[in-house]
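# Commentary on secondary and tertiary structure
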Amino acid sequence: MSSNQWVDKVNRDQLVQVCKQLVSIPSVSGDEFEVMQFVKSWLADRDIAYIETANDPQRPNIIATIGDANAGPIIAMNGHLDVVPVSDASSWESDPFEGVVRNGRLYGRGAADMKSSVGVMLTMLDMFRNASLQGALSVHVVSDEERGANFGTKHVVAEIEAGNIPRPDFTIVGEGSGFKIRIAERGGLGVKVHFKGRASHTAVARVTGINALAKAAKGILALEHHLETFHPAVGHPVLSVNGIQAGIADNVVPGEAMIDIDRRTVPGETVESIIGDIRAKLDAVAATDPDFIYELEYDPERYTVANMTSADSPLVVAFQESLRELDREPEFFVEWAGITDARLYRGIGIDTVIMGAAGENEHGANEYIEINDIETQARIYAATISRLLGV
Ligand SMILES: [Zn+2]
């Protein structure tokens, strides 16, 4: 028993049932229509009001709300129902598109990323729908997270900006965090480096040729290192050289070579600081090699800024208090993680925390989530919502 009556209202059987149903409706990105129909009927069966909003009616997003936005803050819970395809069905021990409960786990594509989390959010609406909330509780059940969010959260955020969807004061994104409080996310910048050499016949490679591919190799060795910068909420930035192009024929010394850098950033970095850092490393090579000639290419328009919500936000504090109440030491999530839809809410100034169970084998075979963890997530959500909405 917990001191919070709402935590004790979490119903494990109801949770498992809705999560299992969500997993049992295939919804690879682009094919979300049917699973959204299920969400709509689940809400309608419980008299929970919702609206549908979409760029493409075949790829809807459902915004369902309970409570009274005039009485206090609006909390939105965001979860995506699209999943990645199954590339190796023979490696699965059960049908990936059937929610299978086995050994206290729910197996299936999307069980961990992140249909169970959406199941938690739906049950929160059901649990709190008759409470006298001092504010409103919404879910934003979205399509298209795995492939860029244009039909999903990007659309929803644009509708918030346009005044067509109520603007949340706080958003909880249900991606996995292992019950740590994820308040920040790395950003990203793509940078190409063009190396200039001098093409020649192989026979005279050592006489007139300057091999741009060899220069690129030196550049890669100079760049491919662990970056020492550390941000307490999000860890280290990352630089990875993920592509190379060079060579036109096996008897021609390449006069040009190009590498692709994927640079993940942390708060405090800027395009200028990132580019300055890359130049410094390459210039150090150039200082020892007069034939090391390079040029950078990048598009500041395509820079995703690292983003974070203040640790002092009432949303963060509420999660910390809830975790303590549930005998868990609150910790911030500082790991090697990718980007999520949280960036889009933070991008319009909404305090956003990612909180969810960590499943296993996301995007791989035999994806699963522990049912105990689904229940724990629901208890953490229940405690936090009751705290923020004064019930
Ligand atoms: Zn996800």
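What counts as what
- Residues numbered from 1 in each chain as written.
- Predicted model: local features only at pLDDT ≥ 70, side-chain atom pairs only at ≥ 80, totals over all residues.
- Helix = DSSP H or I, 4+ residues; strand = E, 2+ residues; numbered from the N terminus.
- Contact = placed C-beta atoms within 7 Å.
- Domains from an automatic or database assignment.
- Nonpolar A, V, L, I, M, F, W, Y, C, P; charged D, E, K, R; others polar.
- Core = buried A, V, L, I, M, F, W, Y, C linked by C-beta atoms within 7 Å.
- Buried ≥ 20, exposed ≤ 12 C-beta atoms within 10 Å, placed from the backbone.
- Pairing = 2+ DSSP bridges.
- Axes fitted to C-alpha atoms, helices over the stretch in contact; angles between N-to-C directions.
- Parallel < 35°, antiparallel > 145°, perpendicular 65-115°, else oblique.
- Left-handed = near helix turned anticlockwise from the far one by under 90°.

Moving on: the environment of S200. Here S200 shows up in strand β10 (residues 200-201). Note: C-alpha distance between S200 and N251 (51 residues apart in sequence) is 8.7 Å. For S200, the residues in contact, after removing those within four places along its chain, are A205, T208, G209 and V253.

Turning next to the domain arrangement of the protein. Here the domain parsing of the protein yields domain 1 (5-183 + 309-388) and domain 2 (190-302). With centres defined by C-alpha atoms, the gap from domain 1 to domain 2 works out at 40 Å. Of the residues lining the interface, 5 residues belong to domain 1; the matching set on domain 2 comes to 4 residues. Its residues placed into classes, the side of domain 1 that touches domain 2 shows 4 nonpolar, no polar and 1 charged.

Formed by 83 residues in total, the largest nonpolar core has its most connected members in I75, M124, L137, V353, A382 and I385. By residue number, the principal contributor to this core is helix α4 (residues 111-128), which donates 11 residues. Discounting chain neighbours no more than four positions away, the residues touching V353 are I172, I181, R182, I183, T309, L315, V316 and F319. Formed by 16 residues, the second largest nonpolar core is a distinct cluster that contains L189, I278, L282 and F292.

This part takes up the sheet that holds strand β7 (residues 170-173). What holds strands together in a sheet is hydrogen bonding between their backbones, with the strands either parallel or antiparallel. With mixed pairing, the 6 strands of this open sheet are ordered in space as β1-β2-β6-β3-β7-β16. Sheet topology places β1 (49-53) and β16 (351-354) at the edges, where each strand pairs with a single neighbour. In this sheet, adjacent strand axes meet at a mean angle of 20° when their direction is disregarded. Bridge count between strand β3 (residues 74-80) and strand β6 (residues 136-142): 7 bridges; the pairing is parallel. Paired with M77 across the strands is V139, a residue of β6.

One way to put it is that α4 packs onto helix α10 (residues 371-388) with a least axis distance of 10 Å and a crossing angle of 45°. One element, α4, and the other, α10, form an angle in the oblique class. Seen along the crossing, α4 lies across α10 with a hand that is right-handed. Every residue of α10 that contacts α4 at S116, S117, V120, T123, M124, M127 and F128 is listed here: I374, Q377, A378, Y381, A382 and I385. Partitioned by chemical class, the residues of the contact of α4 with α10 number 9 nonpolar, 4 polar and no charged.

With that settled, consider unusual backbone geometry. A cis geometry characterises the amide bond from D113 onward to M114, with omega recorded as -15°. Looking at where M114 falls in the secondary structure, it is placed in helix α4. Positive phi, close to 60°, is recorded for D47, a residue that is not glycine. The residue D47 is located in the loop between α3 (33-45) and β1 in this model. Positive phi, close to 75°, is recorded for A149, a residue that is not glycine. Structurally, A149 can be placed in the loop between β6 and α5 (153-161).

Moving on, we get to the packing of helix α6 (residues 212-223) against helix α7 (residues 271-286). Contact geometry of α6 with α7 gives a least axis separation of 9 Å together with a crossing angle of 130°. By the angle between their directions, the pair α6 and α7 is classed as oblique. The handedness of the crossing between α6 and α7 comes out as right-handed. For the pair α6 and α7, the contacting residues are K218, G219, A222 and L223 in the first and I278, K281, L282, A284 and V285 in the second.

The next thing to look at is the environment of D56. Summarising the element assignment, D56 is placed in the loop between β1 and β2 (61-67). Sequence-wise, D56 and G152 are 96 residues apart; in three dimensions their C-alpha atoms are separated by 9.8 Å.

Our focus in this paragraph is the sheet that holds strand β9 (residues 187-196). Here 4 strands make up an open sheet; going across it, the order is β11-β13-β9-β14 and the pairing antiparallel. Unpaired on one side and paired on the other, β11 (238-246) and β14 (293-298) mark the two borders of the sheet. Adjacent strand axes in the sheet meet at a mean angle of 25°, parallel and antiparallel pairs treated alike. Bridging between β11 and strand β13 (residues 256-265) involves 8 bridges; their strand directions are antiparallel. The residue bridging V241 from the neighbouring strand is I261, located in β13. Here α6 sits on the sheet in contact with β9, β11, β13 and β14, set at roughly 15° to β13. Sitting on the sheet, α7 is in contact with β9, β13 and β14, with an inclination near 165° to β14.

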